[in-house]
Amino acid sequence: MGVRKVSSWALWTLNFEFSMSILVEVEPQVREHGLEMKELFLLDKLDEHPNPAALARALLTPKPSITFMVKRMEAAGFIRRETQADDLRRFRLTLTPSGRKAMEATRALLDEACERRLARLTQAERSELARLLERLQKSED
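Here the residue numbers are simple positions, counted from 1 along each chain's written sequence. In keeping with the model being predicted, local features are shown solely for residues with a pLDDT of at least 70 and side-chain atom pairs are shown and tallied solely at 80 or more, while totals for entire chains, interfaces and linings include all residues. Hydrogens and water molecules were not included; the side-chain quantities draw on all heavy atoms of the structure.

**So, the overall build of the protein**
Only DSSP runs of H or I covering at least 4 residues are called helices, and only runs of E covering at least 2 are called strands; the numbering of each starts at the N terminus. For the protein, the helix and strand inventory stands at six helices and two strands. When the helices and strands of the protein are placed in sequence order, the string is α-α-α-α-β-β-α-α. Computed over the C-alpha atoms, the radius of gyration of the protein is 18 Å, more than 25% above the 14 Å expected from 2.2 N^0.38 for a compact globule of 141 residues. Principal axes of the C-alpha set define a box for the protein whose edges measure 65 × 40 × 25 Å. Counting over 141 residues, the protein shows a buried share of 28%. Long-range contacts, defined here as pairs at least 24 residues apart, represent 52% of the contacts in the protein between residues at least 6 apart. One way to put it: in the protein the 24 positive side-chain charges average out to a point 3 Å from where the 22 negative ones average out. C-alpha atoms define the radius of gyration, and 2.2 Å times the number of residues to the power 0.38 defines the globule rule. We call a residue buried when its accessible area falls under 20% of the maximum for its residue type, exposed when it is over 50%, and partly exposed in between, using a 1.4 Å probe and counting protein chains only. Throughout, a contact is declared for two residues whenever any of their heavy atoms are within 4.5 Å. Charged residues are defined here as Lys and Arg on the positive side and Asp and Glu on the negative side; His and the ends of the chain fall outside this count. Here the site of a charge means atom NZ of a Lys, CZ of an Arg, CG of an Asp or CD of a Glu.

**Things to note about the confidence of the model for the protein**
Interpretation of this model should avoid reading the predicted coordinates in detail wherever pLDDT is low. Per-residue pLDDT for the protein has a mean of 91; in total, 95% of the residues score no lower than 70. pLDDT runs from 0 to 100 and stands for how confident the predictor is about each residue. Considering each helix and strand of the protein separately, the mean pLDDT is smallest for strand β2 (residues 87-95), with a value of 80, and largest for helix α5 (residues 97-118), with 96.

**Topic: the environment of Gly34**
Here Gly34 is to be found in the loop between α1 (8-32) and α2 (37-45). Note on Gly34: relative accessible area 29%, which makes it partly exposed. Not counting the four nearest positions on each side in its chain, Gly34 is found in contact with Glu39, Arg72, Met73 and Phe78.

**Examining the nonpolar core**
The nonpolar side chains of a soluble globular protein tend to be buried, and buried together. By nonpolar core is meant a set of buried Ala, Val, Leu, Ile, Met, Phe, Trp, Tyr and Cys residues that side-chain atoms within 4.5 Å join together. With 26 residues, the main nonpolar core has Leu42, Leu43, Ile66 and Ile79 as its most contacted residues. Secondary-structure elements contributing two or more residues to this core are α1, α2, α3 (52-59), α4 (63-75), β2 and α5. The element contributing the most residues to this core is α5, with five residues. Setting aside residues up to four positions removed in sequence, Ile79 forms contacts with Leu43, Leu46, Val70, Met73, Glu74, Leu93, Thr94, Leu95 and Thr96.

Okay, here's the thing in C-alpha cells:
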C-alpha cells in the first residue's frame, strides 16, 4: 500500500476539527464551573504570564478581550489583580484558590475527553504523534 498524499489544508483541518470536537463536548461542563472556554485558557496561562499584555500575546487575543475576561474572572473571584510595586501602571494577575480549583477541574474535563479519543491509538502511535506535533510546533528561523 502506497503513502497517501495529504494536503497541508487537510491536515490543518483535521487537527482543528479534532480540537474543536473536544471543546464542544466539554463546553457545557466547563460553563457549570463558571467559565467560558477562552477563560479556561486564560487561567491556565496566568502563572506563566501574570500581566494582561503578556496574556494577550500568549493567547493571541486582543488586549480589550483580555481586559473583559480579566474583569469577569476577577468578579467571579477566580483571579486577583494587584498593582506592581515597581510600576504602578502595570497589574500583576494571580489565580485565587477558587480560580485554581475551577481551572484544574475544567482541565480534567478536557483531559478526559481527549483521552477517550487517544485511547484509540497504541502507546507507540501516541508517542509518535507527540513527537510530530512537537516538531511542527517549532518555527523555522
